[in-house]
Amino acid sequence: MTLAARRVALTLTTACLLAVPGLAQAAGPDLNGYKLILDDEFNGDKLDLTKWQVGKQPNGGQWGSDSYFITLDPKEHDKFNQVYTVKDGVLNIRAIYDPNFVDPNGWKRKWYSGMIATAFSNGRKPSAEFREGYVEVRQKFPTGSGVWPASWAINMKSQSAGGDPEGTLEIDGIEAYGNDMTVMRSTVHDWGKKTDSAGVKYNLPDMSADFHTYGFEVTKDEVICYFDGAEVQRLKLLRPNMDDKFFWMFNLAMGGGWPIAMPASGHYDMQIDYIRIYSKDKDAVAVKAEPVGK
């Protein structure tokens with residue numbers, strides 16, 4: 001998505017700001033009938049590349065932001081080990097400023113960071129995809145102007161060689177902007193029809209102060225968002241009759257229309273304790289690990 005499109009989307013979702021009363025850890029959705037198709041507790045000492053694509057879109061490109069997402073390209077090996085680290089049961093994704101960084105895309109970005117995704121650019125089957133399902137992530141966000149982390153999904157057909165004639169359908173389970181980490185934004189974008197769900201922003205506890213659980217349930221016609229197990233909002237899916245599946249991405253981008261504040265350390269860290277993905281589709285399977293590709 002372009003930065004201009006993100007700015008429009010941000011304007012649309014700022015129409016309403018609500019406080020969520022009495023938030024406490026709750027049970028979350030009823031997952032009876034759901035199948036766990038991907039579970040990563042990050043208990044090893046490195047990222048499990050049989051589960052995750054890193055850096056790239058399924059078509060091999062990069063998403064637009066003010067940070068380059070590090071990939072498996074051998075030329076990026078040293079930076080890969082800086083950006084994606086696993087220790088003590090936590091995946092750390094680091095955004096790093098380097099004035100000498102040469103952007104491989106020629107976009108002149110000086111920040112590089114990371115993204116993990118369940119769809120691959122080497123032709124292998126996604127590690128997790130669903131039409132109806134539930135995603136749960138326990139994580140801690142960084143704070144600072146220009147920090148732009150997200151957990152989001154788009155429909156698989158939109159990334160095929162021919163694309164989706166109806167355009168991309170995007171679910172932003174959460175987009176957070178580091179200038180205020182007490183605000184959770186969730187939106188559905190139908191880029192083909194250029195329409196958006198009536199997104200609502202919610203005031204929450206500081207998402208950078210501690211780990212919290214974020215859940216996104218996709219039904220036939222809704223996206224239901226949870227914070228620490230408590231439902232906080234429902235969004236119209238916009239294409240209830242679509243039969244295409246979604247793949248999911250988790251990234252620490254920079255920019256998003258905001259100036260980037262430079263921390264003394266020169267970097268920002270996003271930490272993920274676990275990611276669990278469930279499917280309610282009749283053909284749901286936990287995809288068997290395949291050889292790792294670039």
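Refer to the structure above for everything that follows.
No experiment lies behind these values; they were computed from the predicted model shown.

Student: In this structure, what is going on with the overall build of the chain? I would like to understand it.
Tutor: Counting its secondary structure elements, the chain contains two helices and 19 strands. Within the chain, contacts between residues separated by at least 24 positions form 73% of all contacts whose residues are at least 6 apart in sequence. Counting every atom, the chain has about 12600 Å² of accessible surface; 50% of that belongs to carbon and sulfur.

Student: Where do I start with the pattern of salt bridges in this structure?
Tutor: Working definition: two side chains of opposite charge can pair if their charged atoms are close together. Evaluated as defined, the whole model comprises twelve salt bridges. In this structure, R109 and D103 form a salt bridge, with 2.6 Å as the shortest nitrogen-oxygen distance. Just as R109 is buried, D103 falls in that class too. With a closest N to O distance of 3.5 Å, D164 and R239 form a salt bridge. Separated by 75 residues along the polypeptide, D164 in the loop between β10 (147–155) and β11 (169–175) and R239 in the loop between β17 (230–236) and β18 (246–254) bring together distant segments of the chain. Residue classification places R239 among the buried positions, given a relative accessible area of 5%.

Student: Whenever I open this one, the pairing of strand β6 (residues 90–97) confuses me. Can you help?
Tutor: Every other side chain in a regular strand lies on the same face of the sheet, so the side chains alternate between the two faces. Across the eight residues that make up β6, a large majority, six, are buried. Where strand β5 (residues 84–87) lies against β6, four bridges are found, and the strand directions are antiparallel. Note on β6: the bridge partner recorded for Y84 is I93. In this structure, the hairpin formed by β5 and β6 is closed by a connection of two residues, where D88 is found at a positive phi of approximately 55°. With six bridges joining them, β6 and strand β19 (residues 267–279) adopt antiparallel strand pairing. The residue bridging I93 from the neighbouring strand is M270, located in β19. Relative to strand β7 (residues 111–113), β6 runs antiparallel, the two being bridged by two bridges. Residue pairing in the sheet places Y97 in a bridge with W111 of β7.

Student: I'm lost on the nonpolar core in this one. Help?
Tutor: Note that soluble globular proteins tend to have their nonpolar side chains buried in a common cluster. Among the nonpolar cores identified, the biggest contains 58 residues, and L47, I116 and W248 are the most heavily contacted of them. The residues touching I116, leaving out its near neighbours within four places in the chain, are F42, L47, W52, Q53, V54, Y84, L91, W248, M249, F250 and I275. One finds W63, F69, Y177 and M249 within the second-largest nonpolar core, a separate group that totals 13 residues.

Student: How do you make sense of the packing of aromatic side chains when you look at a structure like this?
Tutor: By convention here, two paired aromatic rings are described through the distance between centres and the angle between planes. Applying the stated criterion across every chain, the model contains 15 aromatic pairs. Ring plane angle 45° and centroid distance 5.0 Å describe the contact between F101 and Y112, whose orientation is recorded as tilted. With a gap of eleven residues between them, F101 in the loop between β6 and β7 and Y112 in strand β7 connect regions that are remote in the sequence. Since its relative accessible area comes to 5%, F101 is described here as buried.

Rules and cut-offs
- Starting from 1, residues in each chain are numbered consecutively following that chain's sequence as written.
- Where totals are concerned, whole chains, interfaces and linings use all residues; where local detail is concerned, this predicted model gives features only for residues with pLDDT of at least 70, and gives and counts side-chain atom pairs only at 80 or more.
- The side-chain figures draw on all heavy atoms in the structure; neither hydrogens nor water molecules are used.
- For the purposes of this entry, the term helix denotes a DSSP run of H or I that reaches at least four residues, the term strand denotes a run of E that reaches at least two, and both are numbered from the N terminus.
- Should any heavy atoms of two residues lie within 4.5 Å, those residues are counted as being in contact.
- Computed with the Shrake-Rupley method and a 1.4 Å probe, the accessible areas treat only the protein chains shown as cover for residues.
- We define a salt bridge as a contact between a side-chain nitrogen of Lys or Arg and a carboxyl oxygen of Asp or Glu at a distance within 4 Å.
- Burial here depends on accessible area, computed with a 1.4 Å probe over protein chains only, as a share of the maximum for the residue type. Under 20% is buried, over 50% is exposed, and the range in between is partly exposed.
- By this definition, two strands are paired if DSSP reports at least two bridges between them.
- In this description, a nonpolar core means a group of buried Ala, Val, Leu, Ile, Met, Phe, Trp, Tyr and Cys residues linked to one another through side-chain atoms lying within 4.5 Å.
- For Phe, Tyr and Trp, where Trp contributes only its six-membered ring, two rings pair if their centres lie within 6.5 Å, and the inter-plane angle classes them as stacked under 30 degrees, edge-to-face over 60, or tilted in between.

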